[in-house]
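One-letter residues, chain by chain:
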Amino acid sequence: MTENERAIFDYLIKPDDSYDRNGVYWADMPLMQKVRFVTSYDAAEARRELGSIWAMTKRDPLEPVRYYFRNMVVPGAGLGLEGYVLFSIGNVRPLLQATFASCWKTYAICNETWTQAIDYLEICGIIVGQILVGILGDWLGRRWGLIQDATIMFIGLLMLTAAWGVTQNGWVICYVWSLFFYGIGVGGEYPMTATSGMENAVGSGKVSTKEDRLHRGRKVTSAFLMQGWGQFFNQVILIISLLIFHHGSGNPPYSKVAAQWTYRVSFAIPAVGTLWLVYFRVFKMRSAGKQLAAAKKKSKVTGYDSESLRLTFTYFGPRLIATAGGWYANDVFFYGNKLFQSEFIGVITNSSKSIMPGWLYNLINVGVSLVGYYLASFLIDNKLYGRKKMQMVGFMMDFILFIIPAFKFDYYTSKAGVTGFQTMYFLSSFFNQFGPNSVTFLVAAEVYPTPIRATAHGFSAAWGKAGALTAAVMYNYITTPQKFHVVPWFGLGGMLVTLLFLPDTTGLDLKEQERRWLYIRAGREADYHGVAVHPKHLSLWERFRGVGKYYDADLDYQQKIEEMRTDWEASQARKADEKAGHYDDDDVHDDSVWSSDVSTYFEKTSRSPLIRANEKHVPDGEKLDDGVNGAH
């Protein structure tokens, strides 16, 4: 191999964002060298991105805004809309309790069980959607899942807006089942948004992109943080609507007409946005499942890949403990954050009956949460911090912020300590977003192979909602001071599960994970030697099992060249078939990776006389089973 040929292969196999000039992988570098490499490259990338933004601004001042909406807002529109609606459920309830007290508060004319079922059936609907649509998304494709999610959410919003009954109890029952139906669409949105956003970032070609390696996490979490914007706009719209329909006042008593208009308008507005989402996904997202289709083709699978599901439990079972267990612990915290608010608002407002203080503090809290969302998005791809550290720090900080008031509850709920109580409330929201809430959404898809990625994400997310359900039920049986003694330990448990079972995929080329998966599926786990089994990208449990012993950078380099050779020979055979008139129009391949230098090298070193003579297809027996050699 000449120096020029080696340089070409180094460019393809050892990209400069992951390897230094000597070909050393960033995770193999000594600590200080690693710090210098990462900070230097990240600084250069930041300058490049800022330069790109400035260039767009000079061409058209609104172009950066359009870019942001196209790449961050639109992919996360479904989560933004569901964040709006689910936040509205909790926000509207105090208004309905104040206005229709005999039904929603004292239960004199309404069944208490049905009224309380709002909390439970909403979560149950979401769990059904997360599991069901996760499976269907891997079976029928990402695009189908995205379309049906938006359609169910749109119909559910029409039901919520129009919900009514002959009696107020009938209204509550109609409202509850409408919410359950809507929840199915919400649940499906989790696995579909995460997997489609991630796979669009990775692409379906042979060689991964710098965008995937450097910004995959940011792309997915930027879509996820739209949930925070949905909550923000819901609170703003509810405040404005109440002021409009209640004659400019947010104070009680509230008229039934004002409450009805406020409640129904808050659901009608997102219905319009959801209808647009249905249109966009039907007509503008035709290639959403491209990578899933490519993965199934390599594995020669049609329909649901049940073999990949079995192998996932065999090889990645502990990862399910990490993603499902971490999400479960996080949602107990997410639900528990409301404990702070109900206590300090009563102290500050002298137990005012107005719902406006609660709404205003919600607005501030969402603003603090958005700061956490964005900071998580900016740092989640940083190789020196990244996913695993972010989740562990977030869990630990929430543990501390809940355990402190547990042992001095009377002090922090008095006027003397209420300021500190508020501070811990806002900080717990910040570290929840700048921590487990953002990371769980990303890694629940990222650490699994493409064929069952939506299933695994849906399963993990369902466990998260089970955590919310646990909190909703548990809080009915213990006092508020007891809640502060119970909730913190879920944070500590979440941190330990993350430490033991979650691999750190920060900086990992996702194509490498897919490449490793093809070896596993072919029954040849030990033959894979790439960075997907580097100890940096394995959990403590996987390292203990000895998975990292297969890592060998030099052997992997040679292996990749041979895999590329097999791909190249297959591409030459396809060209020969095309000339002979046997080309399959449905058989789409990406041959753009083969430069003239690479082709020349493979031609002169080919072991196949058929290729040398430019004749027919290389025999199938010369390939690795199950398409392993075609994985790069």
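This structure is a prediction, so every number in the text was calculated from the model and none was measured.

*Asks:* Tell me about the overall build of the protein, and name the residues and values.
*Replies:* When helices and strands are tallied, the protein shows 26 helices and zero strands. Here the C-alpha atoms of the protein give a radius of gyration of 27 Å, agreeing with the 26 Å that 2.2 N^0.38 yields for 632 residues. By principal-axis analysis of the C-alpha atoms, the protein measures approximately 90 × 55 × 55 Å. Within the protein, the fraction of its 632 residues that count as buried is 56%. Accessible surface for the protein amounts to roughly 26400 Å². Of this, 63% is attributable to carbon and sulfur atoms. One finds the centroid of the 63 positive side-chain charges in the protein at a distance of 6 Å from the centroid of its 59 negative side-chain charges.

*Asks:* Lay out the packing of aromatic side chains with the relevant residues and their values.
*Replies:* Counted under the stated rule, the structure contains 43 aromatic pairs. Note on Tyr411 and Tyr412: the rings are 5.1 Å apart at their centroids and 70 degrees apart in plane angle, and the pair reads as edge-to-face. By relative accessible area, which is 38% here, Tyr411 ends up partly exposed. Through a chain of ring-to-ring contacts, three or more aromatic side chains come together here, namely Phe100, Trp104, Trp164, Trp171, Tyr175, Tyr263 and Phe267. Across the ring face of Phe316, the terminal group of Arg319 is positioned such that the distance to the ring centre comes to 4.4 Å. Over the face of the ring belonging to Tyr411 we find Lys408, whose NZ or CZ atom lies 4.9 Å from the ring centre.

*Asks:* Quick one: what's the story with helix 21 (residues 488-501), residue by residue and with numbers?
*Replies:* Between its first and last C-alpha, helix 21 extends 20 Å over 14 residues, near the 20 Å set by a 1.5 Å rise per residue. All buried positions along helix 21 are accounted for by Pro488, Gly491, Gly494, Met495, Val497, Thr498 and Phe501.

*Asks:* An account of unusual backbone geometry is needed here, citing residue identities and associated values.
*Replies:* At the junction of Pro252 and Pro253, the peptide bond is cis and its omega measures out at 0 degrees in the coordinates. In this fold, Pro253 is placed in the loop between helix 10 (226-245) and helix 11 (256-283). With phi around 60 degrees, Tyr107 is a residue other than glycine that occupies positive phi space. Here Tyr107 falls in the partly exposed class, since its relative accessible area comes to 21%. In this structure, His247 is a non-glycine residue whose phi angle is positive, near 60 degrees. Mapped onto the secondary structure, His247 falls in the loop between helix 10 and helix 11.

*Asks:* Could you give an account of the state of the cysteines, with specific residues and numbers?
*Replies:* The final tally for this structure, using the stated rule, is one disulfide. Across the disulfide from Cys103 sits Cys110; the S-S distance is 2.0 Å. Residues Cys103 and Cys110 share a disulfide whose torsion about the S-S bond is about -100 degrees; that sign makes it left-handed. The same class applies to Cys103 as to Cys110, namely buried. No disulfide involves Cys124; its nearest neighbouring cysteine sulfur is the one of Cys174, lying 18 Å away. Given the relative accessible area of 28%, Cys124 is considered partly exposed. Owing to a relative accessible area of 29%, Cys174 belongs among the partly exposed residues under this scheme.

*Asks:* Which residues make up the environment of Ser18, and what values do they have?
*Replies:* Structurally, the position occupied by Ser18 is in the loop between helix 1 (3-13) and helix 2 (31-59). Judged by its relative accessible area of 4%, Ser18 is buried. Taking the C-alpha atoms as reference points, Ser18 and Gly507, separated by 489 residues in sequence, lie 7.6 Å from one another. Among residues more than four places away in sequence, those in contact with Ser18 are Val24, Tyr25, Trp26, Phe37 and Arg213.

*Asks:* Lay out the nonpolar core in plain terms, naming residues and giving numbers.
*Replies:* If you look at the biggest cluster of nonpolar residues, it comprises 108 residues, and the most contacted ones within it are Trp104, Leu160, Tyr175, Tyr182, Phe267, Trp359 and Phe441. With 14 residues, the top contributor of residues to this core is helix 18 (residues 418-446). For Leu160, the residues in contact, after removing those within four places along its chain, are Val85, Tyr175, Ser178, Leu179, Tyr182, Tyr263, Arg264 and Phe267. Membership of the second largest hydrophobic core comes to 16 residues, among which are Tyr25, Ala27, Tyr528 and Val547.

*Asks:* Requested: an account of the packing of helix 10 against helix 15 (residues 356-379), with residues and values cited.
*Replies:* When two helices pack together, their arrangement is given by the angle between their axes and by how far apart the axes lie. At a minimum axis distance of 9 Å, the contact between helix 10 and helix 15 shows a crossing angle of 160 degrees. Classified by the interaxial angle, the pair formed by helix 10 and helix 15 is roughly antiparallel. Our pair here, helix 10 against helix 15, has a crossing hand that is left-handed. Here Gln227, Gly228, Trp229, Gln231, Phe232, Gln235, Val236, Leu238, Ile239, Leu242 and Leu243 of helix 10 lie close against helix 15, whose contacting residues are Met356, Trp359, Leu360, Asn362, Leu363, Val366, Leu370, Tyr373 and Tyr374. When grouped by side-chain class, the residues that make up the contact of helix 10 with helix 15 number 15 nonpolar, five polar and no charged.

Calculation notes
- Residues numbered from 1 in each chain as written.
- Predicted model: local features only at pLDDT ≥ 70, side-chain atom pairs only at ≥ 80, totals over all residues.
- Heavy atoms only, no water.
- Helix = DSSP H or I, 4+ residues; strand = E, 2+ residues; numbered from the N terminus.
- Rg over C-alpha atoms; globule rule 2.2 N^0.38 Å.
- Buried < 20%, exposed > 50% of the residue type's maximum accessible area, 1.4 Å probe, protein only.
- Areas by Shrake-Rupley, 256 points an atom, 1.4 Å probe, with all protein chains shown as cover.
- Lys, Arg positive; Asp, Glu negative; His and termini not counted.
- Charge placed at Lys NZ, Arg CZ, Asp CG, Glu CD.
- Phe/Tyr/Trp six-rings, centres within 6.5 Å; stacked < 30°, edge-to-face > 60°.
- Lys NZ or Arg CZ within 6 Å of the ring centre and 35° of its normal.
- Expected span 1.5 Å × (residues − 1).
- Disulfide = S-S within 2.5 Å.
- Contact = heavy atoms within 4.5 Å.
- Core = buried A, V, L, I, M, F, W, Y, C linked by side-chain atoms within 4.5 Å.
- Axes fitted to C-alpha atoms, helices over the stretch in contact; angles between N-to-C directions.
- Parallel < 35°, antiparallel > 145°, perpendicular 65-115°, else oblique.
- Left-handed = near helix turned anticlockwise from the far one by under 90°.
- Nonpolar A, V, L, I, M, F, W, Y, C, P; charged D, E, K, R; others polar.

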